[in-house]
Amino acid sequence: GVLDEDTAAEGLHTLGYSAPGTEYVYLHLSLPGRELSDISILSGYIHLQKMELSSNKINDLSCVSHMPYLTELNASNNELSTFFNFKAPKNLREVDFSHNRIPKMQDLSAYPCLTKLLLDFNEIEEIRGLEGCPSLSQLGLSHNRLTAIGGLQDLPLRILNLSFNQIEKVNGLKNVKTLQRVDLSHNKINSLQGLEEHDLLELINLEDNQVAELSELKWIADLPLLRVLNLLENPLQEQEGYWLSAIFMLLQVTELDLKKVSVEEKV
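Residues numbered from 1 in each chain as written. Predicted model: local features only at pLDDT ≥ 70, side-chain atom pairs only at ≥ 80, totals over all residues. Heavy atoms only, no water.

A. Examining the overall build of the chain more closely. If you tally the helices and strands in the chain, you get three helices and 13 strands. Overall, the chain is about 65 × 35 × 30 Å in size when its C-alpha atoms are taken along their principal axes. Every one of the 267 residues in the chain was classed for burial, and the buried ones make up 46%. Residue pairs in contact within the chain that sit at least 24 positions apart in sequence constitute 25% of those at least 6 positions apart. Carbon and sulfur atoms provide 48% of the accessible area of the chain, an area that totals close to 12800 Å². Computed over 22 positive and 38 negative side-chain charges, the separation of the two mean positions in the chain equals 4 Å. (Helix = DSSP H or I, 4+ residues; strand = E, 2+ residues; numbered from the N terminus. Buried < 20%, exposed > 50% of the residue type's maximum accessible area, 1.4 Å probe, protein only. Contact = heavy atoms within 4.5 Å. Areas by Shrake-Rupley, 256 points an atom, 1.4 Å probe, with all protein chains shown as cover. Lys, Arg positive; Asp, Glu negative; His and termini not counted. Charge placed at Lys NZ, Arg CZ, Asp CG, Glu CD.)

Take a look at the structure:
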């Protein structure tokens, strides 16, 4: 339950210079799966740069307010119901809050250095509060309660995972031109409109949706870098000649529905 100094010492590793360069300190702490619920003692560990606390029973991370140099935080598989309930370490870059009980997102403008934010397996219904994150390149919100895509305007996202939600339309991505990989599998999407003009897209996963017409492929036909497309468990797969028709419309694709596309099939 309560973290003590002896247990904390077991998780300390990676000796290095403190950020001001004045002393030799431990920079990383790793204490996964320790049944911890109270980690308030960590308020004194001000030099930490990386902290791994996954698979515990933590519901309070206020100790992070005392870690100005923290850059990476993994608090997945805990009992958090509040979102970033600590004062922002100004260089915090990677955060994993997946597998918690977070009901909603809030303003993250105090975290301008965030590059990776994982919120998979929570209870979030709306994407919001990310406008002040100009460096965010990876966002995970799978297994939540989203019904629409929004709040992503002009973010430099490269990897976006919105699988296992209740999303019906691919909207809200128009200005996210940096996307390289997007996972929208296990939703309720029936049209690919909204994915056009994303010229950096390399991978699209739409498995287990409701796309029924081959003509929907026209929206992604002109994506020059698209190489991997997954449309398994969509109604359009049942259409006669689906496989070769899809390849003909998307000659740039090298893998379709988890199978390699052969040169002979393209010809």
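Text resumes after the structure shown.
B. Local environment of the side chain of E255. Its place among the elements puts E255 in strand β12 (residues 255-256). Accessibility expressed as a relative area gives 18% for E255, which makes it buried. Look past the residues within four positions of E255 in its chain and what remains in contact with it is R227, V228, L229, K260 and V261.

C. Highlighting the pattern of salt bridges. Overall, the coordinates contain five salt bridges when judged by the stated rule. Linking E35 and K57 is a salt bridge whose minimum nitrogen-to-oxygen distance equals 3.0 Å. Of this pair, E35 sits in the loop between β2 (24-30) and β3 (50-52) while K57 is found in the loop between β3 and β4 (72-74), placing the two residues 22 residues apart along the sequence. Relative accessible area serves as the criterion here: at 38%, K57 is assigned to the partly exposed category. The salt bridge involving K260 is made with E255; its shortest N-O contact spans 3.6 Å. A residue is classified by how much of its surface remains accessible, and K260, at 63% relative accessible area, is exposed. (Salt bridge = Lys/Arg side-chain N within 4 Å of Asp/Glu carboxyl O.)

D. The arrangement of the pairing of strand β1 (residues 12-17) in detail. Sheet analysis places β1 next to β2, joined by five bridges and oriented antiparallel. Across the sheet, L12 pairs through a bridge with L29, a residue of β2. In this antiparallel pair of consecutive strands, β1 and β2, the connection spans six residues, and G21 shows a positive phi of 80°. (Pairing = 2+ DSSP bridges.)

E. Spotlight on the environment of V261. The residue V261 is located in the loop between β13 (259-260) and α3 (263-266) in this model. For V261, a relative accessible area of 12% gives the class buried. Sequence spacing of V261 and W243 is 18 residues, and the spatial spacing of their C-alpha atoms is 9.7 Å. Not counting residues within four places of it along the chain, the set of residues in contact with V261 comprises W243, I247, V253, T254, E255, L256 and K266.

F. Spatial organisation of the pairing of β2. As defined by bridge partners, β2 adjoins β3 across three bridges and the pair is classed as parallel. Residue pairing for β3: H28 is matched across the bridge by K50.

G. Structural view of helix α2 (residues 242-249). What α2 keeps buried is the set Y242, W243, A246 and I247. Within α2, the buried residues cover an arc of 125° as seen down the axis, which keeps them to one side. Set apart from the buried face of α2 by more than 90 degrees, the exposed residues are L244 and F248. Buried residues belonging to α2 abut β12, β13 and α3. (Arc of directions from axis to C-beta.)

H. A look at unusual backbone geometry. Positioned with a positive phi, E35 is a non-glycine residue whose angle comes to about 65°. The backbone of D154 shows a phi angle near 65°, a positive value even though the residue is not glycine. Relative to the helices and strands, D154 is located in the loop between β7 (138-140) and β8 (159-161). On the basis of relative accessible area, D154 is assigned to the exposed category, the value being 59%.

I. Structural detail: the environment of K57. When the C-alpha positions of K57 and E79 are compared, they lie 5.5 Å apart, and in sequence the two are 22 residues distant. Non-local contacts of K57, meaning those with residues more than four positions away in its chain, are made with E35, L36, S37, N78 and E79. Among the polar contacts listed, one links the side chain of K57 to the side chain of E35, at a separation of 3.0 Å. (Polar contact = N/O pair within 3.5 Å; in protein donor to acceptor, adjacent residues only side chain to side chain.)

J. Examining the nonpolar core more closely. L61, F84, F97, L130 and L152 are the most contacted members of the largest nonpolar core, which has 78 residues in total. Broken down by element, this core gets its largest block of residues, four residues, from α2. Not counting chain neighbours up to four residues away, the residues in contact with F97 comprise L61, L73, A75, L80, F83, F84, F86, I102, L118, L119, D120 and N122. (Core = buried A, V, L, I, M, F, W, Y, C linked by side-chain atoms within 4.5 Å.)

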